[in-house]
Every structure is written in C-alpha cells, then in structure tokens.
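Structure assessment
Residue strings, one per chain:
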Amino acid sequence: MFGPGLTAEEIKSVISSFTDEQMDRYETFRRANINRGGVKKLANAVLNQSITNTVAVAISGFSKVFLGEVIERALDVQQRMDPGDGVNPYAAQRPLLAVHIREAWRLYRQETGMVPAAQWRREGRGEGRMFR
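Read on for an overview of the structure. (Residues numbered from 1 in each chain as written. Predicted model: local features only at pLDDT ≥ 70, side-chain atom pairs only at ≥ 80, totals over all residues. Heavy atoms only, no water.)

Our next topic: the overall build of the protein. Along its length, the protein carries 5 helices and 0 strands. Mapped from its N terminus to its C terminus, the protein presents α and β elements in the order α-α-α-α-α. Taking as baseline every contact in the protein between residues at least 6 positions apart, the subset at least 24 positions apart corresponds to 41%. Put simply, the protein shows about 9,900 Å² of open surface, and 56% of that area lies on carbon and sulfur atoms. (Helix = DSSP H or I, 4+ residues; strand = E, 2+ residues; numbered from the N terminus. Contact = heavy atoms within 4.5 Å. Areas by Shrake-Rupley, 256 points an atom, 1.4 Å probe, with all protein chains shown as cover.)

Notably, N48 is not glycine yet its phi reads approximately 60°, a positive angle. With respect to the helices and strands, the residue N48 is situated in the loop between α3 (36–47) and α4 (53–81).

So, on to the side chain of H100. Inspection of the secondary structure assignment puts H100 in helix α5 (residues 98–112). Judged by relative accessible area, H100 falls into the buried class, the value being 6%. Among residues more than four places away in sequence, those in contact with H100 are A74, V77, Q78, M81 and P95. (Buried < 20%, exposed > 50% of the residue type's maximum accessible area, 1.4 Å probe, protein only.)

Aromatic ring pairs: the centre-centre distance and the angle between the two ring planes describe each pair. Inspection of the entire model under this criterion finds 4 aromatic pairs. An angle of 80° between the planes, with centres 5.3 Å apart, marks the rings of F66 and Y108 as edge-to-face. In this pair, F66 sits in helix α4 while Y108 sits in helix α5, placing the two residues 42 residues apart along the sequence. Y108 sits in the buried class, given a relative accessible area of 8%. (Phe/Tyr/Trp six-rings, centres within 6.5 Å; stacked < 30°, edge-to-face > 60°.)

A few words now on the environment of R73. Relative to the helices and strands, R73 resides in helix α4. Separated by 30 residues in sequence, R73 and E103 place their C-alpha atoms 8.5 Å apart.

Time to look at the packing of α3 against α4. Where α3 contacts α4, the axes come no closer than 9 Å and their chain directions differ by 100°. With respect to each other, α3 and α4 are oriented roughly perpendicular. Here R36, V39, K40 and A43 of α3 come into contact with α4, specifically with N53, A56, V57, I59 and S60. (Axes fitted to C-alpha atoms, helices over the stretch in contact; angles between N-to-C directions. Parallel < 35°, antiparallel > 145°, perpendicular 65-115°, else oblique.)

As a further point, take a nonpolar patch on the surface. A surface patch of nonpolar side chains, amounting to about 250 Å² of accessible area, comprises L42, V46 and L47. Position of L47 among the secondary structure elements: in helix α3. (Patch = residues over 30% accessible without salt bridge, like charges linked within 9 Å, V, L, I, M, F, W, Y side chains within 5 Å. Salt bridge = Lys/Arg side-chain N within 4 Å of Asp/Glu carboxyl O.)

What follows concerns the environment of I51. Structurally, I51 can be placed in the loop between α3 and α4. Along the chain, I51 and K41 lie 10 residues apart, while their C-alpha atoms are 9.1 Å from each other. Apart from residues lying up to four places away in sequence, I51 is in contact with K40, A43, N44, A56 and I59.

So, to be careful, I would describe these as geometric facts and stop short of saying anything about function.
The following block contains the structure:
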C-alpha cells in the first residue's frame, strides 16, 4: 500500500500525519477482507485443483487491491455523472449504482488492457459478462 522501499519508521510517520478522514479510510481498508472460503472455492473451480491457505491469502490480497481500484473509479464516475454540490465531492456519500460500477469496469479494461479471460466466466446464459 505504501510502496516497497519504505521502512517501518517511514510508514509510521506517514500514518501519523493522516487527517481524521484519511485515518478512518485507512482503518476501514485494513479491516475489510475478502472471504477466504469463497476465494478457495472460486480458485478451485477455475484451476480444477485445490489451493493452499497461503495461496488463498495472496489471492484475497490482490483481489482487495483490484476491487479498491474499481471502486475508486466507480466513485469518480459517480462524481462525473452526478456532481452534487461541487464543493466536497465525498461530503454526502451517495450509494454506488450498477451503472457506476459497469462504467468503472469499462474504463479499467480500456486503460489497462488486463482483463481475465471470458472462458471461465461463462455461466448461466453463457454471455461471459462479469457484471450482469
């Protein structure tokens, strides 16, 4: 989160300089987690083999970062679509709608070009859409 070159002292220094709002966001990020049981089930289904707990922890970690990126983009999309009062864009948080997340996903695919293969996502009607 802070970068690979930072020492523990530097990280403590950065954290101590957080505002109250930044500290709340940081604590929320630290508390949030991805269900490891669900991660293991999904990984087992995709890979057709069992994974260890350490692999599940690793997958949960980068999934959390990935979801954070998509949610940040969705909040930016929400702000563009409905600017609110214009003073503080995050003052009165409105719930994200599916259209915000779909647009954020589209932007993510467009900007990074790194998208999971559609083969394993084909369930139900078989259309391969990640967000229905």
